[in-house]
Number of protein chains: 2
Amino acid sequence: MKLVMKKELERICNVALEKQGYSKEDAARISEVLIATDMFGIHSHGTKNLYMYIEKMKQGGIDIKANPEFIVEGPAFAVLDAKDCIGMKGTRIAIDKAVELAKKTGVAYVGVKNSCHFGAGTFYVAEMAKQGMFGMIMSNVDPNMAVPGGKGMTLGNNPIAYAFPRKGQHPITFDIALSVVAALKINKAKMYHQEIPDSWMVDPDGIPTTNPQYYQEGGALLPMGGHKGYGFSLLVDALSGFMTSGNTCKDIESWCFNLPNKNRVSHAIICIDISKVNPDGHFEDIEEDYLQYILNSPKAKGTDHLMVPGQREWEKYDKDEANGVRIPEDVADSLLKLADSINEKIDWRDIDE
Amino acid sequence: MKLVMKKELERICNVALEKQGYSKEDAARISEVLIATDMFGIHSHGTKNLYMYIEKMKQGGIDIKANPEFIVEGPAFAVLDAKDCIGMKGTRIAIDKAVELAKKTGVAYVGVKNSCHFGAGTFYVAEMAKQGMFGMIMSNVDPNMAVPGGKGMTLGNNPIAYAFPRKGQHPITFDIALSVVAALKINKAKMYHQEIPDSWMVDPDGIPTTNPQYYQEGGALLPMGGHKGYGFSLLVDALSGFMTSGNTCKDIESWCFNLPNKNRVSHAIICIDISKVNPDGHFEDIEEDYLQYILNSPKAKGTDHLMVPGQREWEKYDKDEANGVRIPEDVADSLLKLADSINEKIDWRDIDE
């Protein structure tokens, strides 16, 4: 584990992006997403990926010069053509638009097409919540789940995230993908030759298996709740891909396994201005009452305390904000490659925790 | 199983409602929801419940004379105070408003407070989809699920339904509750003293159990995907209860176990006018392309064909539309009680299927 000051992480990421040709402002806005994501502890989606995003730029899979453009606009909606820019850039433009529209009409939908992997949804929905909004974001991804009754990778485990403000505290943030577990967990089991529960994936015949070796060898992840996760996956493709005339899962390749190719994922954002829809201002009181009811509900044998969505993420975020960002070795390795590639040294230190 | 003509079901339901004091128009709109729900095969939420709704009216839990009123209105949003009217009446008013608003601004949110059990979401979202909309509806309910790490019934398995149009076919309709399985399944296992998979519920200590006898004896349903279902349950309470300053799960009692009490559930509707957000008109082509990709994807060993959400429901609907409505014995028993209470005879016949 490494400990690195936020400012130092910003410096490295900004320099790396500016060297690719990004403006100071663009670089800062992209870095901010990635660094916050590490602070949330979602290390698979944070600064670790910047080296690969830049590789993707170099190989033609991300267009550095792209200027995303709104191709549809109306009172409570907009569609952004992200034109293959880096995911964080287009997605932040879309978020800003969603908030702007919701402040006028109360509710907004913003779709994004021709985007690239936006990282973790938490950052974006938290940005909306900080401005008093209920915010939701979803994205399609390359197929990795089986259809119930099917075999092979057909559906995307399309992530869905939402957030809303909480009185005197960080927003409630929720951020999941629709598979029973993340591919990461199966790859780990694969590496250590461990068995997995038979609810996680199917083998090449579409039969539930405890053998993780089938992953990326004809197997597929299972959707959470079977047909329920399937329906949510289709929902995401409808609101992102169908609605924007963008790509659906079926036409999407992994952003990181196919660096020269455009990723062209589609996103959907829903934003509601709480102060407009709830003009009495009772939202946060009712919310707090409900959250306290949950937190104080009876605990199962062996459980110390219950949590609200996003609580663990914000606890890490606050600690990192105060003491520096804690990053695991795989992220450090990738940052080191990044720093080397731009002839920079990273000022950080090893810590035990 | 009984076979009854749709017109005959309408006659019985309409007479029963009109005898309570509903106008011809109100009665027809309420009956339509319940009958369609039986035609979809969602018999737990259809005409079977009309006898109990009327009992609830008689015992003071539903206000027959209530006139739902919009208490908040804006360009793309509205909040309806349903004033304890029967769920189908208020919810249809809210749906109509959502479509009206979406036609103007492209996107609409409509919340409903002080409502009663609306039945199944499928009818309402299908109504929106038939008018070219993407429609979504959700409701909170009385608590029946444990919080991950908790014990006892704390969260509602808050249903979520959505629909969107499909070219030349019935809309895609999706309608689920957030528990791993419906309480109905556990009650069935309880009745027949069968074991259940340990992923369905927890015992009174909050430990996963295979013994259904704990249901309503200190046990609780488990949310689908653990923390994922928990987060979706909170989402529904936020968009319905917090947003409307209505009740959250914690204050809601079962509509049918507590007939004299008001149910006071909250709902949320999201409606998007597809023709506005996707003015090119490509939504349904991209959709069909994607659905065909799913339907033609490889099948697991032992599976004949794959399905899209709502397919089974619409197949029953069409067959019932042509040949008469097929209803199981428990629904027939309830309808018989209803008919007796209004001195009517039902013209139906026994069938084998």
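Rules behind the numbers
Residues numbered from 1 in each chain as written. Chains lettered and ligands numbered in written order. Predicted model: local features only at pLDDT ≥ 70, side-chain atom pairs only at ≥ 80, totals over all residues. Heavy atoms only, no water. UniProt positions renumbered as here; feature names shortened; annotations may be inferred. Axes fitted to C-alpha atoms, helices over the stretch in contact; angles between N-to-C directions. Helix = DSSP H or I, 4+ residues; strand = E, 2+ residues; numbered from the N terminus. Left-handed = near helix turned anticlockwise from the far one by under 90°. Contact = heavy atoms within 4.5 Å. Nonpolar A, V, L, I, M, F, W, Y, C, P; charged D, E, K, R; others polar. Core = buried A, V, L, I, M, F, W, Y, C linked by side-chain atoms within 4.5 Å. Buried < 20%, exposed > 50% of the residue type's maximum accessible area, 1.4 Å probe, protein only. Parallel < 35°, antiparallel > 145°, perpendicular 65-115°, else oblique. Buried area = accessible area lost by both parts, 1.4 Å probe. Salt bridge = Lys/Arg side-chain N within 4 Å of Asp/Glu carboxyl O. Pairing = 2+ DSSP bridges.

- Per an unreviewed UniProt entry, the recorded name for chain A is Ldh family oxidoreductase, and the organism is Anaerobutyricum soehngenii.
- The heading Sequence similarities (unreviewed entry) in the UniProt record of chain A holds the text "Belongs to the LDH2/MDH2 oxidoreductase family."

1. Details of the packing of helix H7 (residues 227-244) of chain A against helix H9 (residues 283-295) of chain B
Alright, step 1. Across the interface, H7(A) lies against H9(B) with an axial gap of 9 Å and an inter-helix angle of 145°. Read as a crossing pair, H7(A) and H9(B) show a hand that is right-handed. On H9(B), the residues that touch A:Tyr230, A:Leu234, A:Asp237, A:Ala238, A:Gly241, A:Phe242 and A:Met243 of H7(A) are B:Phe283, B:Ile286, B:Glu287, B:Tyr290, B:Leu291 and B:Ile294.
Alright, step 2. The class makeup of the residues in the contact of H7(A) with H9(B) is 10 nonpolar, one polar and two charged.

2. Here's the deal with the nonpolar core
Alright, step 1. One finds A:Phe134, A:Phe164, A:Phe232, B:Phe134, B:Phe164 and B:Phe232 to be the most contacted residues of the largest nonpolar core, which totals 103 residues.
Alright, step 2. Leaving out residues up to four positions away in the same chain, B:Phe134 has contacts with A:Leu235, A:Leu239, A:Met243, B:Tyr162, B:Ala163, B:Phe164, B:Ile270, B:Cys271, B:Ile272 and B:Ile274.

3. Looking at the side chain of B:Ser31
Residues and elements named next belong to chain B.
Alright, step 1. As for its placement among the helices and strands, Ser31 is situated in helix H2 (residues 24-39).
Alright, step 2. Relative accessible area serves as the criterion here: at 1%, Ser31 is assigned to the buried category.
Alright, step 3. Apart from residues no more than four positions distant in its own chain, Ser31 is found in contact with Cys13, Asn14 and Leu17.

4. Examining the packing of helix H2 (residues 24-39) of chain A against helix H10 (residues 311-323) of chain A
All names here are of chain A.
Alright, step 1. It is at 8 Å that the axes of H2 and H10 come closest, and there the two elements cross at 110°. Judged by the angle between their axes, H2 and H10 are roughly perpendicular. Contacts between H2 and H10 involve Ala36, Asp38 and Met39 on the former and, on the latter, Glu313, Lys316, Tyr317, Asp320 and Glu321.
Alright, step 2. In terms of residue class, the contact of H2 with H10 is made up of three nonpolar, no polar and five charged.

5. A few points about the interface of chain B and chain A
Alright, step 1. Across the boundary between the two partners, chain B contributes 78 residues, which contact 78 residues of chain A.
Alright, step 2. Roughly 6500 Å² of surface becomes buried between chain B and chain A when both sides are summed, with 73% attributable to carbon and sulfur atoms.
Alright, step 3. On the surface where chain B and chain A come into contact, there are four salt bridges.
Alright, step 4. With its nearest N and O atoms 2.9 Å apart, the salt bridge here joins B:Lys250 to A:Asp289.

6. Details of the pattern of salt bridges
All names here are of chain B.
Alright, step 1. Under the defined criterion, the tally for this structure stands at 50 salt bridges over all chains.
Alright, step 2. Of the charged contacts in the structure, one is a salt bridge between Asp84 and Arg264, with a shortest N-O distance of 2.8 Å. Within this pair, whereas Asp84 is found in the loop between strand S3 (77-81) and helix H4 (87-105), its partner Arg264 is found in the loop between helix H7 (227-244) and strand S11 (265-273), the two being separated by 180 residues in sequence.
Alright, step 3. For Asp84, a relative accessible area of 8% translates into the label buried.
Alright, step 4. Exposure remark for Arg264: the relative accessible area of 33% places this residue in the partly exposed category.
Alright, step 5. Residue Glu288 pairs with Arg166 through a salt bridge whose shortest N-O separation is 3.0 Å.

7. Observations regarding the sheet that holds strand S4 (residues 107-115) of chain A
All names here are of chain A.
Alright, step 1. The mixed open sheet is built from seven strands, whose spatial order is S2-S3-S4-S11-S5-S6-S7. Whereas interior strands pair on both sides, the edge strands pair on one side only; in this sheet they are strand S2 (69-74) and strand S7 (169-176). Pairs of neighbouring strands in the sheet enclose a mean axial angle of 15°, with direction left out of account.
Alright, step 2. Judged from the five bridges that link them, S2 and strand S3 (residues 77-81) form a sheet pairing that is antiparallel. Paired with Phe70 across the bridge in S3 is Leu80.

8. Remarks on the sheet that holds strand S8 (residues 201-202) of chain A
All names here are of chain A.
Alright, step 1. Ordered by their spatial adjacency, three strands build an open sheet running S9-S8-S10, and the pairing between neighbours is antiparallel. Strand pairing shows two members of the sheet lacking a second neighbour, strand S9 (208-209) and strand S10 (220-221), which therefore form its edges.
Alright, step 2. Pairing of S8 with S9, which is carried by two bridges, proceeds in the antiparallel orientation. For Met201, the partnering residue across the bridge sits in S9 and is Thr209.

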